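A look at the structure
These are the residues of each chain, in order.
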Amino acid sequence: MPSRIQRPHRRRMLSLTVLARRQISPHFMSITLGGDDVQYLTQSGYDQSGRLFFADPDADDVFLPTSERWILQLTLQGSKPRPRVRTYSIRRFRPELSAFDIEISLHESNGSPRSDAPGTRWAQAAGPGAEVAFLDEGYSYAPTPDAAWQLLVGDETALPAILAILESSAGTLPAEVFLEVPAREDIRDDVVAPPGTNIHWLPRAEPCAKPGALALQAVRQARLPDGRFYAWTAGESSLATGVRRHLVGERQVPKSDICFRGYFTYNRASL
């Protein structure tokens, strides 16, 4: 990753099941994952994330890893189909249920009767009881100690992490937030955030527009508050690198005050 990830000292592969599924908006699905193994998951950073191992809806009897040495396990296991693997942020911990929520951005199918995105297909098909494995991958959000405010920028893939950051840091650093979403219907009106926070929702007008381009343009044109700030940006790779390049080159922000994470690259197929 371009920015340092704080990974847990001890990691354990968790065997979990889907407890509930709820569609939040046209392009977002909330999935609640739970089970006894949640007791081994320690809440660390605000943008904490992990690898989710799940079965493709078209596959039967998929092998789910049980060890943090999952690559070796998948290599040595027999002829069973391998699971899909994606990294998702933990949106909210639910200790009363021994569970936590993730939110999955649902990708368009481009006219096809089914999406070609494995995460989207799984989220739309997974019902209560569906088995998954989850491996904690830590966090990257670490504000500069003397920052007066924070800048948070992301597209739909970063929205769960940014909402978790805002919710967890409520009462501390005010934020300027630039959130790009696929459609106006994806805008949230129930965001919990620190006092003085301004959220700039950026719904895309064109369904096929490149994710992140709108958010990057908005940051470049924005009149930002005075004072030293901490920046956290994630999503499509050119958004993350573009924001960092702009802040360093045109606003003279120290590189140490910026965390940037490229979650995916537009138009690059992933397995």
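The structure this text deals with has already been given above.
Here the structure is a predicted model, which is why all the values come from computation and not from measurement. (Residues numbered from 1 in each chain as written. Predicted model: local features only at pLDDT ≥ 70, side-chain atom pairs only at ≥ 80, totals over all residues. Heavy atoms only, no water.)

Another point: unusual backbone geometry. With a phi angle near 50°, serine 98 is a residue other than glycine that sits in the positive phi range. Tracing the backbone through its elements, the reader meets serine 98 in the loop between strand S4 (84-94) and strand S5 (99-105). Residue class for serine 98 comes out partly exposed when judged on its relative accessible area of 36%. With a phi angle near 55°, glutamine 252 is a residue other than glycine that sits in the positive phi range. With respect to the secondary-structure elements, glutamine 252 resides in the loop between helix H5 (237-250) and strand S11 (258-264). (Helix = DSSP H or I, 4+ residues; strand = E, 2+ residues; numbered from the N terminus. Buried < 20%, exposed > 50% of the residue type's maximum accessible area, 1.4 Å probe, protein only.)

Moving on: the sheet that holds strand S10 (residues 229-236). Spatially, the five strands line up as an open sheet ordered S9-S8-S7-S10-S11, and their pairing is parallel. Each edge of the open sheet carries a strand with a single partner, namely strand S9 (198-203) and S11. Pairwise comparison of adjacent strand axes, ignoring direction, gives a mean angle of 10° for this sheet. Here six bridges tie S10 to S11, and the two strands are oriented parallel to one another. By the bridge assignment for S11, alanine 234 is matched with arginine 261. The strands touched by helix H3 (residues 159-168) are strand S7 (149-154), strand S8 (175-181), S9, S10 and S11; relative to S8, the strand with the most contacts, the crossing angle is about 155°. In the packing of H5 onto the sheet, contacts are made with S7, S10 and S11, and the angle to S10 comes to roughly 155°. (Pairing = 2+ DSSP bridges. Axes fitted to C-alpha atoms, helices over the stretch in contact; angles between N-to-C directions. Contact = heavy atoms within 4.5 Å.)

What follows covers the sheet that holds strand S3 (residues 49-54). What the six strands build is a closed barrel, ordered S1-S2-S5-S4-S3-S6; its pairing is antiparallel. Looking at each pair of strands side by side, their axes are set apart by 45° on average, direction ignored. In this sheet, strand S6 (residues 131-138) lies alongside strand S1 (residues 14-25) in antiparallel orientation, the contact comprising four bridges. Looking at S6, one finds that leucine 16 is bridged to valine 132. Contacting S1, strand S2 (28-34), S3, S4, S5 and S6, helix H2 (residues 118-125) runs over the sheet at an angle of about 70° to S2. Sitting on the sheet, H3 touches S2, S4 and S5, and the angle it makes with S4 is about 25°.

Next up on the list: the environment of phenylalanine 264. The residue phenylalanine 264 is located in strand S11 in this model. Measuring from C-alpha to C-alpha, the distance between phenylalanine 264 and glutamate 236 comes to 5.1 Å, with 28 residues separating the pair along the chain. If near-sequence neighbours (up to four positions away) are discounted, phenylalanine 264 is found in contact with Asp155, Thr157, Pro211, Gly235, Glu236 and Ser237.

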